[in-house]
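# Fold and geometry: a report
As a plain string of letters, each chain reads:
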Amino acid sequence: MKIGIVCYPTYGGSGVVATELGKALAKQGHEIHFITYSQPTRLDFFSENLYYHEVDIRSYPLFQYPPYELALASKMVDVVTHEQLDLLHVHYAIPHASAAFMAKQILTTKGIRIPVITTLHGTDITLVGKDPSYEPVVTFSINQSDGVTAVSESLKQDTLDHFDITNHIEVVPNFIDLSRFQRQKKDHFKTAIAPDGERLIIHTSNFRKVKRIEDVMHIFDRLRKEVPSKLLLIGDGPERSKIENMCRELGTCNDVRFLGKLDVIEEVLSVGDLFLMPSEKESFGLAALEAMACQVPVVSSNVGGLPELNEDGVSGFTANVGDIEDMTAKSLTILDKDNLDRFKQGAFKVAKRFDIYNIVPEYEAYYERVIFEMKGAALA
Ligand code: GMT
């Protein structure tokens with residue numbers, strides 16, 4: 001198949017999933033065309049089946065806000081026409097699903113019929129999408145998509161609860177490439193960071209409010225009083241300076257390292273003992289899955305898709321949002337020397353359910369079904 005993938009190119013869940021999916025499909029022999037405004041972060045190698053088309057956003061003094069959606073729709077029309085794509089798969093509804101709807105209408109006037117699949121990732125539904133300033137467009141473009149997938153049962157339910165949806169939503173969970181995300185021997189790194197054998201606690205995110213990193217800081221502050229430990233913070237974003245201030249206030253600066261945006265997250269995860277994800281909302285929790293694949297147990301909140309990923313008592317524990325005491329107690333249980341290895345193995349066992357080799361065929365089968373249904377509708 002020739003597939004157009006539209007996504008955010010940034011360091012973040014939906015863009016990572018879209019890029020990894022495209023790379024995996026290219027390996028299966030499909031021709032993949034990424035359409036976005038800059039090179040996706042994880043599109044870091046050459047393959048004869050991978051193409052990247054940059055959306056050209058022209059500004060004009062009249063435009064206080066350059067109309068990205070129009071430039072994107074125009075680029076989709078161009079790529080579908082010239083590359084003769086079979087399908088468009090857009091990740092994150094805003095504004096990709098409505099831009100795809102517009103592109104599809106334009107293509108129809110040229111006699112080209114192309115199915116559009118929209119994958120919902122989380123905040124496009126639970127946070128931004130349901131805001132009245134976007135809701136009508138999000139509802140419309142989900143209902144107009146030829147196929148819709150959500151990354152968890154919970155996100156499917158949220159979508160049905162918040163929007164007037166007439167379309168079927170297929171759940172295809174996120175996945176992990178276990179050949180990349182695996183525990184590696186990084187003893188030198190562990191010794192450098194934790195010279196006295198301290199436990200290593202990790203948090204990865206885009207440092208947005210919804211991640212509740214202040215809870216990470218409070219949990220860590222309690223943990224380190226019981227078990228010698230260090231905290232590694234991976235990623236960057238709007239909350240970072242607030243969190244740096246919290247380190248000073250709590251007096252934890254010597255035990256906390258801000259590692260910024262890393263390309264080789266798996267190397268750091270390889271020395272981890274515990275991953276913290278106390279998010280307010282989390283439709284899947286890809287960063288937790290990456291940790292689990294590297295045998296790092298997870299203490300997370302119990303919202304959204306997290307209970308579908310983090311199996312209570314096996315890969316770690318879940319707790320109510322904001323319940324710092326419970327999260328600390330559960331972290332201490334995991335870090336207990338009599339339990340840690342069991343949880344590390346449990347985390348890996350659960351991560352294997354999301355192996356890319358199991359999930360990518362689900363997308364391929366779904367693509368074929370949507371293309372088949374569209375052809376059938378055209379003949380009817
Ligand atoms: O977590 C974010 O804010 C980024 C966001 C995104 O779209 O890039 O992540 C969402 O999609 C990820 C990939 O499907 C999921 O793993 C995250 O759980 C989801 N984030 C939220 O629901 C807050």
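These numbers were taken from a predicted model, which means no experiment stands behind them. (Residues numbered from 1 in each chain as written. Predicted model: local features only at pLDDT ≥ 70, side-chain atom pairs only at ≥ 80, totals over all residues. Heavy atoms only, no water.)

Attention now moves to the sheet that holds strand 8 (residues 199-204). The strand order 10-9-8-11-12-13 describes an open sheet built from 6 strands, whose pairing is parallel. Pairing within the sheet leaves two strands with one partner each, and these edge strands are strand 10 (256-260) and strand 13 (316-319). Strand-to-strand twist of the sheet, defined as the mean angle between neighbouring strand axes without regard to direction, takes the value 20°. Here 3 bridges tie strand 11 (residues 274-277) to strand 12 (residues 298-301), and the two strands are oriented parallel to one another. Within the sheet, the bridge partner assigned to Leu276 lies in strand 12 and is Val299. With respect to the sheet, helix 11 (residues 286-293) is in contact with strand 8, strand 11 and strand 12, its orientation differing from that of strand 11 by roughly 170°. (Pairing = 2+ DSSP bridges. Helix = DSSP H or I, 4+ residues; strand = E, 2+ residues; numbered from the N terminus. Axes fitted to C-alpha atoms, helices over the stretch in contact; angles between N-to-C directions. Contact = heavy atoms within 4.5 Å.)

In the vicinity of the ligand, 19 residues are found, and the nearest of them are Ser14, His121, Asn174, Lys211 and Glu282. At 2.8 Å from an oxygen atom of the ligand is found a main-chain nitrogen or oxygen belonging to Ser14. In the environment of the ligand, an oxygen atom lies 2.6 Å from a nitrogen or oxygen atom belonging to the side chain of Glu282. Against a free-state accessible area of 480 Å², the protein chains account for coverage of 94% of the ligand. Take the shell around the ligand: its biggest share by element is 3 residues, from helix 1 (residues 13-27). Each of domain 1 (2-175 + 356-379) and domain 2 (187-354) accounts for three or more of the residues forming the shell around the ligand. (Near = heavy atom within 4 Å. Polar contact = N/O pair within 3.5 Å; in protein donor to acceptor, adjacent residues only side chain to side chain. Areas by Shrake-Rupley, 256 points an atom, 1.4 Å probe, with all protein chains shown as cover. Domains from an automatic or database assignment.)

Moving on to the side chain of Thr139. Examined against the element boundaries, Thr139 turns out to sit in helix 5 (residues 135-144). Once residues within four sequence positions are removed from consideration, Thr139 is found in contact with Phe163 and Asp164.

Considering only enclosed or pocket space, the second largest pocket measures out at about 420 Å³ in volume. Lining the second largest pocket are 26 residues, and of these Glu20, Ala24, Lys27, Asp177 and Ile356 lie nearest its centre. Elements with a minimum of two residues in the lining of the second largest pocket: helix 1, helix 11 and helix 15 (356-379). Here the lining of the second largest pocket takes 6 residues from helix 1, the largest share from any one element. Tallied by class, residues from the lining of the second largest pocket come to 13 nonpolar, 2 polar and 11 charged. Each of domain 1 (2-175 + 356-379) and domain 2 (187-354) contributes no fewer than three residues to the lining of the second largest pocket. (1 Å grid on protein atoms, 1.4 Å probe; cavity = no way out; pocket = protein on both sides within 12 Å on 5 of 7 lines; lining within 4 Å. Points joined across faces, edges and corners; volume = space filled by probe spheres on them. Nonpolar A, V, L, I, M, F, W, Y, C, P; charged D, E, K, R; others polar.)

With 17 residues, helix 3 (residues 93-109) should reach 24 Å at 1.5 Å per residue; the first-to-last C-alpha distance of 24 Å fits that figure. Taken residue by residue, helix 3 has Ala93, Ile94, Pro95, His96, Ala97, Ser98, Ala99, Ala100, Ala103, Lys104 and Leu107 as its buried positions. In the stretch just after helix 3, Gly111 is the one whose phi turns positive, near 80°. (Expected span 1.5 Å × (residues − 1). Buried < 20%, exposed > 50% of the residue type's maximum accessible area, 1.4 Å probe, protein only.)

Here the focus is the sheet that holds strand 5 (residues 116-120). Read across the sheet, 7 strands follow the order 3-2-1-4-5-6-7 without closing on themselves; strand pairing throughout is parallel. Sheet topology places strand 3 (50-54) and strand 7 (170-171) at the edges, where each strand pairs with a single neighbour. Judged from the 4 bridges that link them, strand 4 (residues 87-91) and strand 5 form a sheet pairing that is parallel. Pairing of Leu88 across the sheet is with Val116, part of strand 5.

Note on interface size: it is often stated as the accessible area lost on association of the parts. One can read the domain layout of the chain as domain 1 (2-175 + 356-379) and domain 2 (187-354). Distance between the C-alpha centres of domain 1 and domain 2: 31 Å. Listed as interface residues are 21 residues of domain 1 and, on the opposing side, 18 residues of domain 2. Along the contact surface separating domain 1 from domain 2 lie 0 salt bridges. Summed over the shared surface of domain 1 and domain 2, the result is 5 residue pairs in polar contact (both at pLDDT 80 or more). Counting residues per element, the ones that place at least two in the side of domain 1 that touches domain 2 are helix 1, helix 6 (153-162) and helix 15. (Salt bridge = Lys/Arg side-chain N within 4 Å of Asp/Glu carboxyl O.)

Moving on, we come to the pairing of strand 6 (residues 147-150). Moving residue by residue along a regular strand, the side chains alternate between the two faces of the sheet. Of the two faces of strand 6, the one holding Gly147 and Thr149 and the one holding Val148 and Ala150 are both buried throughout. Sheet topology note: the strand 5/strand 6 ladder contains 4 bridges and is parallel. Across the sheet, the residue bridging to Leu120 is Ala150, located in strand 6. The pairing of strand 6 with strand 7 spans 2 bridges and is parallel. Each bridged residue has a counterpart across the sheet, and for Ala150 the counterpart in strand 7 is Val171. For the segment spanning strand 6, helix 6 and strand 7, crossover handedness is right-handed. (Right-handed = clockwise from strand over helix to strand, strands pointing away.)

Given two aromatic rings, one states the distance between the centres and the angle between the planes to describe the pair. Counting across every chain of the model gives 7 aromatic pairs. Arranged with centres 5.5 Å apart and planes meeting at 80°, the rings of Tyr8 and Tyr92 form a pair that is edge-to-face. Of the two residues, Tyr8 sits in the loop between strand 1 (2-6) and helix 1 while Tyr92 sits in the loop between strand 4 and helix 3, which places them 84 residues apart along the sequence. You can call Tyr8 partly exposed: its relative accessible area is 23%. (Phe/Tyr/Trp six-rings, centres within 6.5 Å; stacked < 30°, edge-to-face > 60°.)

Two side chains of opposite charge can pair, provided their charged atoms sit close to one another. Under the criterion given, the structure shown has 24 salt bridges. Its salt-bridge partner being Glu325, residue Arg222 comes within 3.1 Å of it at the nearest N-O pair. Of this pair, Arg222 sits in helix 8 (residues 213-226) while Glu325 is found in helix 13 (residues 324-335), placing the two residues 103 residues apart along the sequence. Where Asp255 meets Arg224, a salt bridge forms, and the shortest distance between an N and an O atom there is 3.2 Å. Of this pair, Asp255 sits in the loop between helix 9 (240-250) and strand 10 while Arg224 sits in helix 8; the two residues are 31 residues apart in sequence, bridging distant segments of the chain. Residue class for Asp255 comes out buried when judged on its relative accessible area of 17%. Sharing partners across several salt bridges, the network here consists of Asp221, Arg224, Lys225, Lys230 and Asp255.

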